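Report on the structure
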Amino acid sequence: MTTTPPAPCAPEDVRRVACIGAGVIGGGWAAHFLARGYDVTAWDPAPDAEEKLRRLVAAAWPALEQLGLAEGASPDRLTVTATLAEAVADAQFVQESAPEKLELKRSLLAELDAATPPGVVIASSTSGYPMTDMQTEAADPGRLVVGHPFNPPYLIPLVEVVGGERTAADAVAWSSRFYDVAGKSVITMDRELPGFIANRLQEALWREALHMVANGEATVRDIDDSITEGPGLRWAFMGPCLTFALAGGEGGMGHMLDHFGPSLKSPWTRLEAPELDRKLRDAMVEGCEEAAGERTYADLVAERDQGVIDVLRATGRLGGTAR
């Protein structure tokens, strides 16, 4: 990683955010930042971009009101500019959300780097490209990071943050802190990974679903119901690793892997399983112990059970509960 000039303000002091690209993702980011009380300037080359963006923000606002608005939050704090340079002229943070085309990303990030005040962090919403591949044309690649959201960004908390080979470590740390202050749930990755973390997990599930439909092994409805009526109920509040650890009973992840580990060799999916050696086993066990913290097995079971009940109640799937 390289060095880059210090950011002009602390993450907690940011007041103006620029959103470059105002489609579904960029518009979702704009709605989120507006709801958090920021002034937002936006730019998109489409001739009807402003009309669509304001319509998207208006449609999202009732949900944002339910989530809770920051003091002073208002759609009126959105300004759509005629040029990219105007949008970033006074920005203290820039969120780029252009289409997923590598050459476009490269040229746009270089243009943003040239137009944005020195030291201001520029984040890309890319869903798969490593920043190393996108920052090649920028004069100051040190301030370019990935800030990968999930759709819609105003509703789904997760953002994955990672830098490229030429990104300054300070820029990664600054952007992670900014997203945290801005109300996001942040995963700061310590290395680049094509597709990042959550998309790779989604993609594995999606590919297996396509295989089953293509081979006549399951219908689309079967596949969707298998998640919404099965593991999806647990995944809403407890991830797959900790969920599997509970399958090991009081023995936790270690017992689960020792008992069910051989099934990795079974032809349950079209994905090749990694070798379950001692290093991988220990990493999974230690990771689950860290995630559990001070919670006992009984605590986790109670948390899981109540969580499933809460999800079933919220989605109207308990008897006598209206949707």
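Coordinates for the structure precede this section.
Notes on the structure in this doc start here.

Once that is clear, we can look at the packing of aromatic side chains. Summed over all chains, the structure comprises eleven aromatic pairs. On the numbers, 5.9 Å between centres and 85° between planes, the contact of Phe33 with Tyr38 is edge-to-face. Under the relative-accessibility criterion, Phe33 is labelled buried at 0%. Its relative accessible area of 6% is what places Tyr38 among the buried residues. Taking 5.9 Å as the distance between ring centres and 50° as the angle between the ring planes, the aromatic pair formed by Phe178 and Tyr179 counts as tilted. Pair check on accessibility: Phe178 and Tyr179 agree, each one buried. Sitting over the face of the ring of Trp29, Lys184 holds its NZ or CZ atom 5.1 Å from the ring centroid.

With that settled, consider the sheet that holds strand β1 (residues 16-20). The strand order across the open sheet formed by eight strands is β3-β2-β1-β4-β5-β6-β7-β8, and the pairing between neighbours is mixed. Single-partner strands in this sheet number two, and they are β3 (78-80) and β8 (185-188). In this sheet, neighbouring strand axes are inclined to one another by 25° on average, regardless of whether the strands run parallel or antiparallel. Note that strand β5 (residues 122-124) and strand β6 (residues 144-149) share three bridges and pair parallel. Following the sheet pairing, Ser124 is matched in β6 by Val146. Contacts from helix α4 (residues 102-115) reach β1, β4 (93-96), β5 and β6, with the element oriented near 165° to β4.

Okay, helix α7 (residues 198-214) next. Relative to the 24 Å expected for 17 residues at 1.5 Å per residue, α7 spans 24 Å between its end C-alpha atoms, a close match to the ideal helical length. Among all positions in α7, only Ala198, Asn199, Glu208 and Ala209 are buried. Looking at the buried residues of α7, the elements they touch are β6, β7 (158-163) and α8 (220-228). The positive-phi residue at the C-terminal boundary of α7 is Gly216, with phi of around 70°.

It is the contact of helix α1 (residues 24-35) with helix α2 (residues 49-67), at a shortest axis distance of 9 Å, that shows an interaxial angle of 50°. The angle between the axes of α1 and α2 places the two elements in the oblique class. Here the hand of the crossing between α1 and α2 comes out right-handed. Between α1, through Val24, Gly27, Gly28, Ala30, Ala31, Leu34 and Ala35, and α2, the contact on the second element is made entirely by Leu53, Leu56, Val57, Ala60, Trp61 and Leu64. Residue composition of the contact of α1 with α2, by class: eleven nonpolar, two polar and no charged.

Let us now look at the side chain of Ser175. Among the structural elements, Ser175 can be located in helix α6 (residues 169-181). Ignoring any residue separated from it by four or fewer positions in sequence, one finds Ser175 in contact with Val121, Val145 and Val161.

Turning our eyes to something else, we now look at the environment of Ile20. Mapped onto the elements of the fold, Ile20 is located in strand β1. The spacing of Ile20 and Ala98 is 78 residues in sequence and 7.1 Å in space, taken between C-alpha atoms. Among all residues touching Ile20, those that are not within four sequence positions of it are Trp43, Leu84, Ala87, Val88, Val94, Gln95, Glu96, Ser97, Ala98, Leu108 and Leu112.

Turning our attention to the packing of α7 against α8. The geometry of α7 relative to α8 is characterised by a closest axis approach of 9 Å and an angle of 145° between their N-to-C directions. Considering the relative orientation of α7 and α8, their crossing is right-handed. In this structure, α7 uses Leu205, Ala209, Met212 and Val213 to contact α8, whose residues at the interface are Val220, Ile223 and Ile227. Its residues assigned to classes, the contact of α7 with α8 comprises seven nonpolar, no polar and no charged.

Of all five residues making up β1, four are buried, and the element is well covered by its neighbours. Two elements, β1 and strand β2 (residues 39-43), share five bridges in a ladder whose sense is parallel. Bridge pairing in β2 places Cys19 opposite Ala42. On the question of chirality, the crossover connecting β1 to the parallel β2 by way of α1 is right-handed.

Reading the values: the criteria
- Residues numbered from 1 in each chain as written.
- Predicted model: local features only at pLDDT ≥ 70, side-chain atom pairs only at ≥ 80, totals over all residues.
- Heavy atoms only, no water.
- Phe/Tyr/Trp six-rings, centres within 6.5 Å; stacked < 30°, edge-to-face > 60°.
- Buried < 20%, exposed > 50% of the residue type's maximum accessible area, 1.4 Å probe, protein only.
- Lys NZ or Arg CZ within 6 Å of the ring centre and 35° of its normal.
- Pairing = 2+ DSSP bridges.
- Helix = DSSP H or I, 4+ residues; strand = E, 2+ residues; numbered from the N terminus.
- Axes fitted to C-alpha atoms, helices over the stretch in contact; angles between N-to-C directions.
- Contact = heavy atoms within 4.5 Å.
- Expected span 1.5 Å × (residues − 1).
- Parallel < 35°, antiparallel > 145°, perpendicular 65-115°, else oblique.
- Left-handed = near helix turned anticlockwise from the far one by under 90°.
- Nonpolar A, V, L, I, M, F, W, Y, C, P; charged D, E, K, R; others polar.
- Right-handed = clockwise from strand over helix to strand, strands pointing away.

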